[in-house]
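# Geometric and topological summary
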Amino acid sequence: KRDEDLGVLNLKVSTKMDSWFVELMRKGDIISTFYGQSQKEILRFDQLIPGNYTLNIVGDENKNNKWDPFDPILYDGPEKRFEYGKLVKIKANWEHEIDFIISP
């Protein structure tokens, strides 16, 4: 596809978590994953097909780059998972900006 047929998402993440990652999803599938390096990041997802997307941020407490559910053996709770809460509608030839702020 040509660039003018695709969209861009700029995501500004602000969190107090030291280890986290973002999942950009479309139709239930993970399209892209970004592993955070600091408590404030500006991420750019480009060449996105127009449509509806969802965003999740996972607090990766054990730094294994995946979401861990409840562990009955160690009796550890699941890692925190935050949803953006709205569909992100990507349009062709548009640059979208979102602030995703996570407070404790």
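Above this text sits the structure in question.
Predicted model only: the values in this text are computed from it and were never measured.

Once that is clear, we can look at the pattern of salt bridges. If the charged atoms of two oppositely charged side chains come close together, the side chains can form a pair. Tallied over the full model, the rule gives 4 salt bridges. Its salt-bridge partner being Asp5, residue Arg2 comes within 3.3 Å of it at the nearest N-O pair. Each of Arg2, Glu4 and Asp5 takes part in one network of salt bridges that share partners.

What follows is about unusual backbone geometry. In this structure, Lys27 is a non-glycine residue whose phi angle is positive, near 55°. For Asn65, which is not glycine, the phi dihedral falls at a positive 60°. Positionally, Asn65 belongs in the loop between strand 5 (51–59) and strand 6 (81–83).

Along the chain, Asp68 turns up in the loop between strand 5 and strand 6. The side chain of Asp68 sits in the buried core without any salt bridge; Lys66 is the nearest counter-charge, 4.2 Å away. One polar contact links Asp68 to Asn62, side chain to side chain, over a distance of 2.7 Å. The residues contacting Asp68, other than those within four sequence positions of it, are Asn62, Pro78 and Glu79.

This next bit is on the nonpolar core. Nonpolar side chains in soluble globular proteins tend to end up buried together. Of all hydrophobic cores here, the largest spans 18 residues; its most connected members are Leu9, Leu11, Val22, Phe45, Leu55 and Ile57. Contact partners of Leu55, with chain neighbours within four places excluded, come to Leu9, Leu11, Val22, Glu23, Leu24, Phe82, Glu83, Tyr84, Val88, Ile98 and Phe100.

The rules behind each value
Residues numbered from 1 in each chain as written. Predicted model: local features only at pLDDT ≥ 70, side-chain atom pairs only at ≥ 80, totals over all residues. Heavy atoms only, no water. Salt bridge = Lys/Arg side-chain N within 4 Å of Asp/Glu carboxyl O. Helix = DSSP H or I, 4+ residues; strand = E, 2+ residues; numbered from the N terminus. Buried < 20%, exposed > 50% of the residue type's maximum accessible area, 1.4 Å probe, protein only. Lys, Arg positive; Asp, Glu negative; His and termini not counted. Polar contact = N/O pair within 3.5 Å; in protein donor to acceptor, adjacent residues only side chain to side chain. Contact = heavy atoms within 4.5 Å. Core = buried A, V, L, I, M, F, W, Y, C linked by side-chain atoms within 4.5 Å.

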